[in-house]
Amino acid sequence: MSCSPSLAPIEVLDSLAGKTLGELQALVADMGEPVFRAQQLHHWIYVKNARTFDEMTNLAKSFREKLAQHFTIGHLELAEKQISSDGTRKYLFRLSDGQLIESVLMHFKDRDGYSICISSQVGCAVDCSFCATGKLGFKRNLTVPEIVDQYLYVQADLGKEVRNIVFMGQGEPLLNYDNLLAAIRLLNQSAEVGMRHITISTSGIIPRISQLAQEKLQLVLAVSLHAPDNDTRNQFMPINKKWPVEQLIQSLQDYIRLCGRRITIEYILLAGINDSREHAHRLGQLTQSLKCNINLIPYNPIGQDYDFKRPSLETIEAFKSRLSRYGKKVTLRMERGTDIDAACGQLANQASLNR
Ligand code: SF4
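Residues numbered from 1 in each chain as written. Predicted model: local features only at pLDDT ≥ 70, side-chain atom pairs only at ≥ 80, totals over all residues. Heavy atoms only, no water.

Draft legend 1. Local environment of the nonpolar core. Of all hydrophobic cores here, the largest spans 100 residues; its most connected members are Leu41, Phe130, Tyr151 and Leu212. Take this core: its biggest share by element is eight residues, from helix 5 (residues 144-158). If we ignore the near neighbours within four places in the chain, the residues touching Leu41 are Leu16, Leu24, Val28, Met56, Leu59, Phe63 and Leu67. Formed by five residues, the second largest nonpolar core is a distinct cluster that contains Met106, Phe108, Cys117 and Val166. (Core = buried A, V, L, I, M, F, W, Y, C linked by side-chain atoms within 4.5 Å. Buried < 20%, exposed > 50% of the residue type's maximum accessible area, 1.4 Å probe, protein only. Helix = DSSP H or I, 4+ residues; strand = E, 2+ residues; numbered from the N terminus. Contact = heavy atoms within 4.5 Å.)

Draft legend 2. Quick peek at the environment of Gly260. Summarising the element assignment, Gly260 is placed in the loop between helix 10 (245-259) and strand 12 (263-269). Put simply, Gly260 and Gln218 are 42 residues apart on the chain and 8.9 Å apart in space, counted from C-alpha to C-alpha. Those residues within four positions of Gly260 in sequence are excluded, and the remaining contacts are Tyr255 and Lys291.

Draft legend 3. Representation of the pairing of strand 4 (residues 89-94) in the model. Buried residues dominate strand 4, accounting for five of its six residues. Where strand 3 (residues 77-83) meets strand 4, six bridges bridge the pair, whose relative direction is antiparallel. Counted as the bridge partner of Gln82 is Lys90 from strand 4. In textbook terms, the turn of a hairpin is the stretch between consecutive antiparallel strands, and for strand 3 and strand 4 this stretch comprises five residues, one of which, Gly87, has a positive phi near 95°. As paired strands, strand 4 and strand 5 (residues 100-107) are joined by six bridges and run antiparallel to one another. (Pairing = 2+ DSSP bridges.)

Geometric values such as these leave the question of function open.
Next comes the structure, spelled out in structure tokens:
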């Protein structure tokens, strides 16, 4: 039994980041303010990217004070920020319940502007063996404000427009489907991020891929295939036992047919596991039926307790060249932020291990 005095729960103010225009209109009406104030609030939060009510200079001071008593603009508290020598920024955020998530801001010379990698869950249940987040286990889904505010916070911190969003941070986005879709709609309609500039990366949750296909959104679906056959994939992606490769390919064919969109196949190269000549040819054959680009990601060694290694440069180049013969566009993902903890789940993992 604890002898410490019980503490009153800390009141968490409601977040305005994450609310739609309609929700802001209802909120403003409840406060006895004219409805056009909602449009102004919406503009300040999503377009002008204000982080404090004081910045909202066309709102009456008394209204701003009332807002500050009851609301915040986002719940994220910065716990740590690292900036790499290549400009990659990694943010570790503490949520109102003390959980930690991360977001990574990257700038690629060959891509249109800045890209942000966003988390969708605290931890992850999918448990891919090569992934730091998998080691955390699943804690909870992120709320819509927690997802949307990663974008707003980082863009405000950068002071420049962030044009691309990839859901490739902590968590399996399609296992937080409703909040993910609500957040994407807000980012698109309110924060004005083009739908074609939003990427969802999934490990292959087939029922949710089918559901997403019905939405017919113009976003990019990226699928972490990482192996061309079940024997190889089962070794490091336990989810493959539930949704094996042939079923996944079938669901991707259906997705492409319904949406008419090209997808991206992600393939992490693990030395001695999925990087052989045979794997390259099997991957080429397997993806023949898909309208897709293939992105090769040499494994990023992230600690002593992992069994995986990055293939040699020679092996990576040979894999790429063999695969390219099958007519798909094959790219090698340039690594960002290698001098900071910029692999998926690394910063949050490090922080939780140190707590
Ligand atoms: S790679 Fe993605 S899906 Fe797999 S454990 Fe990590 S966060 Fe989850």
